[in-house]
Amino acid sequence: MTARALRFYEDKGFIEPARAGQARTYSEQDRLDVQLLTLGRKADVPLKVLSKILETSSEVARYQALKKAILARADALKKAADVTLECAEVAGRRGDKAPFNR
């Protein structure tokens, strides 16, 4: 975790480290919150969703909600991939493959 990322999460109100001058001291809860945020962002879960998850008081419930959000994101990506393949098939039948070449 970079200092920049920690400052970003602090600026957004996700974590609230104690301060002594310029130094920040992160609590165990801050560390757990950053871990959850990191996992969620790796799975491309929106910050708005992660914010709602962090409002949950139980650590177990937080990770259950994160799992649900990740599975929903995976489902959305699968649907998008299916639509992309369908578009490619239609374009292929029309003889126009260029828009789907990488």
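Things to note about the overall build of the protein chain
Within the protein chain one finds four helices and two strands. Relative to a compact globule of 102 residues, whose C-alpha radius of gyration would be 13 Å, the protein chain shows 20 Å and is clearly more extended. Its C-alpha atoms give the protein chain principal-axis dimensions of about 65 × 30 × 15 Å. Evaluated residue by residue, the protein chain yields a buried proportion of 21% over its 102 residues. For the protein chain, restricting intrachain contacts to residue pairs at least 6 apart in sequence, the fraction spanning at least 24 positions comes to 38%.

Describing the pattern of salt bridges
Going through the model one piece at a time under the given rule, you end up with eight salt bridges. The shortest N-O distance in the salt bridge between D33 and R62 comes to 2.4 Å. Note that D33 is positioned in helix 2 (residues 28–42) and R62 in helix 4 (residues 59–93), a separation of 29 residues in sequence. Taken individually, D33 and R62 each receive the classification buried, so the pair is uniform in this respect.

Some details on the packing of helix 2 against helix 4
The interhelical angle for the contact between helix 2 and helix 4, taken along N-to-C directions, is 10°, at an axis separation of 11 Å. With respect to each other, helix 2 and helix 4 are oriented roughly parallel. Residues Q29, L32, D33, Q35, L36, L39 and G40 of helix 2 lie in contact with helix 4, whose contacting residues are E59, R62, Y63 and L66. Looking at the contact of helix 2 with helix 4 residue by residue, the class counts come to five nonpolar, three polar and three charged.

A short note on the confidence of the model for the protein chain
Per-residue confidence for the protein chain gives a mean pLDDT of 90, with 93% of residues at or over 70. Put simply, helix 4 is where the protein chain has its lowest mean pLDDT, 91, and helix 3 (residues 47–54) is where it has its highest, 96.

Examining the packing of aromatic side chains
Taken as a whole and assessed by the stated rule, the structure comprises two aromatic pairs. Considering the side-chain rings of F8 and Y9, the 5.6 Å spacing of their centres and the 65° angle between planes classify their relative orientation as edge-to-face. For F8, a relative accessible area of 35% puts it in the partly exposed group. The class for Y9 is buried, based on a relative accessible area of 7%. Ring geometry for Y9 versus F14: centroids 5.9 Å apart, planes at 80°, classification edge-to-face. Each of the two residues, Y9 as well as F14, counts as buried. Taken together, F8, Y9 and F14 form an aromatic cluster joined through their ring pairs.

Considering the side chain of E10
On the secondary structure map, E10 appears in helix 1 (residues 3–11). E10 sits in the buried class, given a relative accessible area of 17%.

Cut-offs used in this document
- Residues numbered from 1 in each chain as written.
- Predicted model: local features only at pLDDT ≥ 70, side-chain atom pairs only at ≥ 80, totals over all residues.
- Heavy atoms only, no water.
- Helix = DSSP H or I, 4+ residues; strand = E, 2+ residues; numbered from the N terminus.
- Rg over C-alpha atoms; globule rule 2.2 N^0.38 Å.
- Buried < 20%, exposed > 50% of the residue type's maximum accessible area, 1.4 Å probe, protein only.
- Contact = heavy atoms within 4.5 Å.
- Salt bridge = Lys/Arg side-chain N within 4 Å of Asp/Glu carboxyl O.
- Axes fitted to C-alpha atoms, helices over the stretch in contact; angles between N-to-C directions.
- Parallel < 35°, antiparallel > 145°, perpendicular 65-115°, else oblique.
- Nonpolar A, V, L, I, M, F, W, Y, C, P; charged D, E, K, R; others polar.
- pLDDT = per-residue confidence, 0-100.
- Phe/Tyr/Trp six-rings, centres within 6.5 Å; stacked < 30°, edge-to-face > 60°.

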